[in-house]
Amino acid sequence: MQRLIRGTILHFLGDPGTEPAPASWQLFADGALLVEDGLVRRVGEAAALLADAPEGTEITDCRGKLILPGFVDTHVHSAQLDVIASYGTQLLDWLTKYTFPAERLFKDEAHGERMAGLFLDRLLASGTTTAAVYPTVHKQSVDTFFAAAAARKLRMLAGKVLMDRNCPDYLRDDVAGAEADCRDLIARWHGKGRLGYALTPRFAPTSSPQQLAMAGRLFQEIPGLHLQSHLAENLDEIKWVHELFPAQRSYLDVYDHFGLLGPRAIYGHCIHTDATDRVRMAATRTAIAFCPSSNLFIGSGLFDLDQARNAGIRVGLASDVGGGTSLSMLEVMADAYKVLQLKGQHLNPWRAFYLATLGGAEALSLEDRIGNFAVGKEADFTVLDFDAIPILKHRSGIARDFAERLFALMILGDDRAVAATYVLGELAYRRP
Ligand code: GUN
Ligand code: ZN
């Protein structure tokens, strides 16, 4: 079965950089995407694809709308929808006061099932088709998440949160139990369909050295696993890590010591790193999830994108909900722009949309499967409507060129702009 989707098409072949390099993207004002068996068969000018379309090709006309590869959210907590918009704390108090009590509810499998469905449906409604996800410490929270992702045919990474100290008793695991849970979840979900397992030590303060060592062993032992955690988000957190691990030079060095860096490892935040850390991240090909909305909301600090990219580190964008305030990668892009303004940097729209698509796929080492419309990639895409939001319609209507329209979309857009989202070439969400 072939399907042809016609509209304005934009996708990226590489990082456009700070002075946008047009060779890094393809833009077809009247373009088309040909999908066969869920994969990209061809992309280009609509006229050419229509002329060659075989009899029986199903044609979906989205002229006037923008077709982009599905957004990639490189760090998000599926168990924190209840935590969004929680008032008045910074990281460590925020965890204690709001986050741990919300995660406690996932002991109940029915709650986990309900919330996983709600979470994934909200991702699709925001145009996001792949994410690196933190459920909770409860094994059943991972089962319900993966089941919900499989039912929607989504490419997703997730894993049981590891946490055996410095947390409430009701969320504490132990090394042996956590290892058994990880092995069982990996056996049942890792590599099944589009799902991948990510070892998920929450962050250094909530895992004992023995638990971090266990995670490192599994990471080295089992091929193809991902690993995700938090790094250098907040100054009090960093001070605490130095007290807990006095022998380690830096927070990053704690993870390095236990074998937790590598090309399939991604760390959220990484705001307060030093040059030595960045050299080590680049050398080990460890990636960063840049979480601007969360960093503003929890008051954690301002990430330096140029510094990370100039060091040669892959960076993806991330909502970090519930620290972040929206699942919409458009809103995350707008916050990234504002964070970088305060660093004296200017995030051009080409680079922002790259980071939210191919850049995210690269940061998760998934660029062989998703991230753009290269032939053979999985056909996950979203259809965006400039006219759905009155102020965006006005602003993009007077834009002088496409870059200006794209910038208006990233600054003024949100989930209202998502007209439809497709997974493996099939309609998965249509705006009511
Ligand atoms: N550090 C450890 N856990 C968390 C979390 O759930 N959210 C954020 N933003 N930072 C963390
Ligand atoms: Zn997080």
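Check the entry above for the structure.
Because the structure is a prediction, the values reported are computed rather than measured. (Residues numbered from 1 in each chain as written. Chains lettered and ligands numbered in written order. Predicted model: local features only at pLDDT ≥ 70, side-chain atom pairs only at ≥ 80, totals over all residues. Heavy atoms only, no water.)

Side note on the site of ligand 1
Put simply, the rule is: We define proximity as follows: a residue is near a molecule or strand when any one of its heavy atoms falls within 4 Å of that partner. In protein, a polar contact means a hydrogen-donor-capable atom and an acceptor-capable atom, both N or O and within 3.5 Å, with residues adjacent in sequence counting only if both atoms are side-chain atoms; elsewhere, any N or O pair within 3.5 Å suffices. Reported accessibility uses the Shrake-Rupley method at a 1.4 Å probe radius. Residues are deemed covered only where the shown protein chains occlude them. Put simply, the grid is 1 Å and covers the protein atoms alone, a cavity is a trapped set of points that fit a 1.4 Å probe, a pocket is an open set with protein on both sides within 12 Å along at least five of seven lines, and lining residues have an atom within 4 Å of a point. Any molecule with more than half of its atoms within 2 Å of a cavity's or pocket's grid points is regarded as sitting in that cavity or pocket. Secondary structure elements are defined from DSSP: runs of H or I of at least 4 residues count as helices, runs of E of at least 2 residues count as strands, and each element is numbered from the N terminus. In the scheme used here, Gly and all other residues not listed as nonpolar or charged are polar, with Ala, Val, Leu, Ile, Met, Phe, Trp, Tyr, Cys and Pro taken as nonpolar and Asp, Glu, Lys and Arg as charged.
Neighbouring ligand 1 are the residues His-77, Gln-80, Leu-91, Trp-94, Leu-95, Arg-202, Phe-203, His-230, Glu-233, His-269, Ile-298 and Asp-320. One of the side-chain nitrogen or oxygen atoms of Asp-320 is found 2.7 Å away from a nitrogen atom of ligand 1. With the chains in place, 100% of the 280 Å² that ligand 1 exposes on its own is no longer accessible. Most atoms of ligand 1, that is more than half of them, are within 2 Å of grid points of the largest cavity. Considering each element in turn, the shell around ligand 1 owes the most residues, 3 residues, to helix H2 (residues 91-104). The residue makeup of the shell around ligand 1, split by class, is 5 nonpolar, 4 polar and 3 charged.

Overview of the layout of surface pockets
The following threshold applies: Grid points are joined across faces, edges and corners, and a volume is the space filled by probe spheres set on the points.
There is about 230 Å³ of room inside the largest pocket. Along its surface, the largest pocket is lined by 15 residues, and Arg-155, Leu-195, Arg-264, Leu-366 and Arg-369 are the ones closest to its centre. Mapped onto the lining of the largest pocket, the elements with two or more residues apiece are strand E7 (155-158) and strand E9 (195-201). Looking at the lining of the largest pocket residue by residue, the classes come out as 3 nonpolar, 7 polar and 5 charged.

Structural notes on the coordination of the zinc ion (ligand 2)
How we decide: Coordination partners: N, O, S within 2.8 Å of the metal, 3.2 Å for Na, K and Ca; water not considered, so apparent gaps in a site are possible. Think of it this way: with four donors and all angles in the 85 to 135 degree range, the site is tetrahedral; with four or six donors, opposite ones beyond 155 degrees and the rest between 65 and 115, it is square planar or octahedral; otherwise it is irregular. Here's how the labels work: a residue is buried when its accessible area is under 20% of the maximum for its type, exposed when over 50%, partly exposed in between, all with a 1.4 Å probe on protein chains only.
Protein-derived coordination of the zinc ion (ligand 2) comes from His-75 (NE2), His-77 (NE2), His-230 (NE2) and Asp-320 (OD), at a distance range of 2.1 to 2.3 Å. Relative to the metal, the 4 donor atoms surrounding the zinc ion (ligand 2) lie at angles of 92 to 163 degrees, and the coordination shape comes out irregular. Read in sequence order, the donor residues coordinating the zinc ion (ligand 2) give the pattern H-x1-H-x152-H-x89-D. Of the two residues, His-77 sits in strand E5 (residues 71-77) while Asp-320 sits in the loop between strand E13 (315-317) and helix H12 (329-342), which places them 243 residues apart along the sequence. Judged by its relative accessible area of 3%, His-77 is buried.

Points about the pattern of salt bridges
Two side chains that carry opposite charge are able to pair once their charged atoms sit near each other. As a reminder, the rule being used: Salt bridge, as used here, is a side-chain nitrogen of Lys or Arg placed within 4 Å of a carboxyl oxygen of Asp or Glu.
This model, assessed by the stated rule, comprises 34 salt bridges. Two residues, Arg-3 and Glu-58, come together in a salt bridge whose shortest N-O distance is 2.7 Å. Here Arg-3 is found in strand E1 (residues 2-12), whereas its partner Glu-58 is found in strand E4 (residues 58-69), with 55 residues between them in sequence. The class for Arg-3 is buried, based on a relative accessible area of 13%. Residue Glu-58 is classed as partly exposed on the basis of its relative accessible area, which comes to 35%. Put simply, Arg-183 and Glu-179 hold a salt bridge, and the shortest N to O gap is 3.0 Å. Taken together, the positions of Arg-183 and Glu-179, both in helix H5 (residues 175-189) and 4 residues apart, correspond to about one turn of that helix. According to the relative accessible area criterion, Glu-179 is buried, its value standing at 18%.

A short note on the nonpolar core
The criterion, for reference: Definition used in this section: a nonpolar core is a set of buried Ala, Val, Leu, Ile, Met, Phe, Trp, Tyr and Cys residues joined via side-chain atoms within 4.5 Å. Throughout, a contact is declared for two residues whenever any of their heavy atoms are within 4.5 Å.
Ranked by internal contacts, the top residues of the largest apolar core, which has 115 residues, are Met-156, Phe-353 and Leu-409. Counting residues per element, this core draws most heavily on H12, at 8 residues. Setting aside residues no more than four positions away along its own chain, Met-156 makes contact with Leu-120, Leu-123, Thr-129, Thr-130, Ala-131, Val-133, Phe-145, Phe-146, Ala-149, Arg-194, Leu-195 and Gly-196. Judged by nonpolar contacts, the second largest core, of 16 residues, contains Ile-5, Ile-9, Ala-379 and Ala-419.

Observations concerning unusual backbone geometry
Between Val-321 and Gly-322 the backbone carries a cis peptide bond, its omega angle lying at 5 degrees. Considering the arrangement of structural elements, one finds Gly-322 in the loop between E13 and H12. Residues other than glycine seldom take positive phi values, yet Ala-85 does so here, at roughly 65 degrees. Residue placement: Ala-85 occurs in the loop between E5 and H2.

Considerations on empty space enclosed by the protein
Under the definition given, this model contains 4 cavities of 30 Å³ or more. Empty space within the largest cavity amounts to approximately 90 Å³. What lines the largest cavity is His-77, Gln-80, Leu-91, Trp-94, Leu-95, Arg-202, Phe-203, His-230, Glu-233, His-269, Ile-298 and Asp-320. Here the lining of the largest cavity takes 3 residues from H2, the largest share from any one element. In terms of residue class, the lining of the largest cavity is built from 5 nonpolar, 4 polar and 3 charged. Reported here for the second largest cavity is a volume of approximately 50 Å³. Every residue lining the second largest cavity is listed: Pro-69, Gly-70, Val-72, Thr-129, Ile-370, Gly-371, Asn-372, Glu-378 and Asp-380. Considered class by class, the residues forming the lining of the second largest cavity number 3 nonpolar, 4 polar and 2 charged.

Observations regarding the packing of helix H3 (residues 109-125) against helix H4 (residues 139-151)
Inclusion rule: Every angle, taken between N-to-C directions, lies between 0 and 180 degrees, and every axis is a line fitted to C-alpha atoms, over only the stretch in contact when it is a helix. Each angle gets one of four labels, with under 35 degrees taken as roughly parallel, over 145 as roughly antiparallel, 65 to 115 as roughly perpendicular, and the rest as oblique. Helix crossings get a hand from a simple test, with the near helix turned counterclockwise from the far one by less than a right angle marking a left-handed crossing and a clockwise turn marking a right-handed one.
At a minimum axis separation of 8 Å, H3 and H4 run at an interaxial angle of 40 degrees. Of the possible angle classes, the one that applies to H3 and H4 is oblique. Both H3 and H4 take part in a crossing whose hand is right-handed. Contacts between H3 and H4 involve Glu-109, Gly-112, Glu-113, Ala-116, Gly-117, Phe-119 and Leu-120 on the former and, on the latter, Gln-140, Thr-144, Phe-145, Ala-148 and Ala-149. Looking at the contact of H3 with H4, its residues break down into 6 nonpolar, 4 polar and 2 charged.

A word on the environment of Arg-63
Tracing the backbone through its elements, the reader meets Arg-63 in strand E4. Residue classification places Arg-63 among the partly exposed residues on the basis of a relative accessible area of 48%. Taking the C-alpha atoms as reference points, Arg-63 and Arg-6, separated by 57 residues in sequence, lie 6.0 Å from one another. Ignoring sequence-local partners within four residues, the contact set of Arg-63 consists of Arg-6, Gly-7 and Asp-30. Engagement of the side chain of Arg-63 in a polar contact is seen with the side chain of Asp-61, the distance being 2.7 Å.

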